[in-house]
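# Structural characterization, general
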Amino acid sequence: MNEAHMETVTECLRTYLSMNYDEARTMPPEFYTSETQFEQEKERLFRSQWICLGRVQQIPRPGDYFTTTTINEPLIVVRTKPDEIAVLSNVCRHRGTVLAEGNGNTKSFICPYHAWTYNLDGQLRRAPLLPNRPDFDQHNCRLPTFSSEVWGGFIYVNLDGTADPLSPQLDGLSKLTQHYHMDDMVELHAETSIWDTNWKCLTENFMEGYHLSTVHRKTLHPITPTRLCSHFPAGEGYFGYFSVFPTDLPRRGKYHPDLTDEEQQRSVMFAVPPLHVAGLAGHKMSYLYLQPESAGTVRVQRGLAFSDPNISEHDFKNAVDLFEQTMAEDNNQLDRLQRGLQSLYLGTAPLAPANYEGNVWDFYHYLARKLL
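Here we summarise the structure given alongside this text. Just so it is clear, the structure is predicted and the values come from calculations on it, not from any experiment.

## Quick word on the nonpolar core
Within the largest apolar cluster, 63 residues are counted, with the highest numbers of intra-cluster contacts made by Met27, Phe31, Trp199, Leu288 and Tyr364. Sorting elements by how many residues they give to this core places helix α10 (residues 354-371) first, with 8 residues. With residues near it in sequence (within four places) discarded, Leu288 still touches Leu202, Phe206, Leu275, His276, Val277, Val300, Gln301, Arg302, Phe323 and Met327.

This is the structure in structure tokens:
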């Protein structure tokens with residue numbers, strides 16, 4: 001993206017901040033295709049904001065861990081104590097080897113290269129055959145520990161340690177979701193794949209109901225049609241909408257008794273930007289953790305958690321099939337979108353009313369606040 005295009009994107013974000021939903025417009029295509037834009041996002045968003053890494057149920061016991069990578073930063077997410085989770089650098093302090101792969105349970109992390117050994121909290125325990133020397137103190141050597149928080153059963157990290165605490169930013173969302181008890185929902189399905197689209201396109205797609213009755217005509221339209229979508233006001237660290245069920249739709253699955261009749265009749269679709277989106281219904285929750293790899297590719301970790309961990313095999317299979325089919329439909333559509341965004345003749349266009357595409361506008365406002 002040349003300087004003129006970069007200035008166009010910047011000017012759009014600055015202008016859009018002072019405009020309301022009735023004036024909402026799309027961003028220019030360079031916003032989604034430029035590697036220059038992507039590099040700016042890595043520094044101002046992915047390193048400096050809260051990024052979702054997984055669910056607490058993945059590491060229920062002390063010593064349980066899983067590994068992941070965010071913006072080329074290898075990480076270990078480990079339960080150090082029954083009530084404590086840490087996010088550590090997954091890079092040996094000796095010569096930089098990645099320490100752990102996958103997931104498991106351990107009492108220590110041992111480097112596969114030269115056997116430097118670290119406690120669960122990252123403190124160096126052993127450096128074989130390394131003599132005492134004045135320029136290195138083994139007792140003060142440890143893996144870097146990153147700022148982390150748990151909200152709603154999800155684990156978040158802030159790589160540069162500069163973000164304001166997350167939970168206060170989600171107060172309004174916590175009130176909307178409290179009766180669903182999503183922190184008690186159990187993950188029973190998880191998949192990962194690479195999508196050929198810009199990460200922002202995927203966030204926008206998950207967070208707008210305008211496409212539900214077209215892209216998902218046979219899958220989601222009978223359950224959550226576009227016409228019943230209802231936008232709710234964005235907060236400091238979230239935005240979202242209600243995806244409402246038709247009144248004649250039979251109840252699906254086991255619901256928590258705290259849910260009101262109104263809450264049982266809808267899903268709360270929410271984003272904790274920049275890289276986490278979810279759909280929370282009474283009986284289950286779907287969610288995506290995005291790991292952007294370039295302006296045109298994103299690693300998509302997706303999951304399903306259920307209120308009833310003993311859900312029948314039949315109901316579980318139906319839920320997974322519906323979720324994966326809708327994800328495949330979205331993937332196909334976003335591939336077409338990314339190819340179309342390469343056009344030299346594409347400008348900007350009006351967004352649909354707030355109930356249908358209001359969260360795209362909320363997302364722009366969030367990005368403008370962070371990127372400008």
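## What to know about the sheet that holds strand β14 (residues 266-272)
Pairing between the strands of a sheet is mediated by backbone hydrogen bonds and can be parallel or antiparallel. Strand order in the open sheet made by the 7 strands is β11-β17-β16-β15-β14-β13-β12, with antiparallel pairing throughout. Every other strand in the sheet has two partners, leaving β11 (186-195) and β12 (230-235) as the edge strands with one partner each. Along the sheet, successive strands turn relative to each other by an average axial angle of 15°, direction set aside. Of the pairings in the sheet, the one linking strand β16 (residues 284-292) to strand β17 (residues 298-306) comprises 9 bridges and is antiparallel in character.

## Let's talk about helix α9 (residues 313-340)
Compared with the 40 Å implied by 1.5 Å per residue over 28 residues, the 40 Å span of α9 between its first and last C-alpha is a close match. Those residues of α9 lying buried are Ala319, Val320, Phe323, Thr326, Met327, Glu329, Asp330, Leu334 and Gln338.

## Side note on the pattern of salt bridges
The tally for this structure, following the rule as stated, stands at 11 salt bridges. Salt-bridge contacts for Glu262 lead to Arg266; the nearest nitrogen and oxygen are separated by 3.3 Å. When the shortest N-O distance is used, the salt bridge between Glu324 and Arg302 registers 3.0 Å. Separated by 22 residues along the polypeptide, Glu324 in helix α9 and Arg302 in strand β17 bring together distant segments of the chain. Using a relative accessible area of 11% as the deciding quantity, one classes Arg302 as buried.

So, how was this worked out
Residues numbered from 1 in each chain as written. Predicted model: local features only at pLDDT ≥ 70, side-chain atom pairs only at ≥ 80, totals over all residues. Heavy atoms only, no water. Core = buried A, V, L, I, M, F, W, Y, C linked by side-chain atoms within 4.5 Å. Buried < 20%, exposed > 50% of the residue type's maximum accessible area, 1.4 Å probe, protein only. Helix = DSSP H or I, 4+ residues; strand = E, 2+ residues; numbered from the N terminus. Contact = heavy atoms within 4.5 Å. Pairing = 2+ DSSP bridges. Axes fitted to C-alpha atoms, helices over the stretch in contact; angles between N-to-C directions. Expected span 1.5 Å × (residues − 1). Salt bridge = Lys/Arg side-chain N within 4 Å of Asp/Glu carboxyl O.

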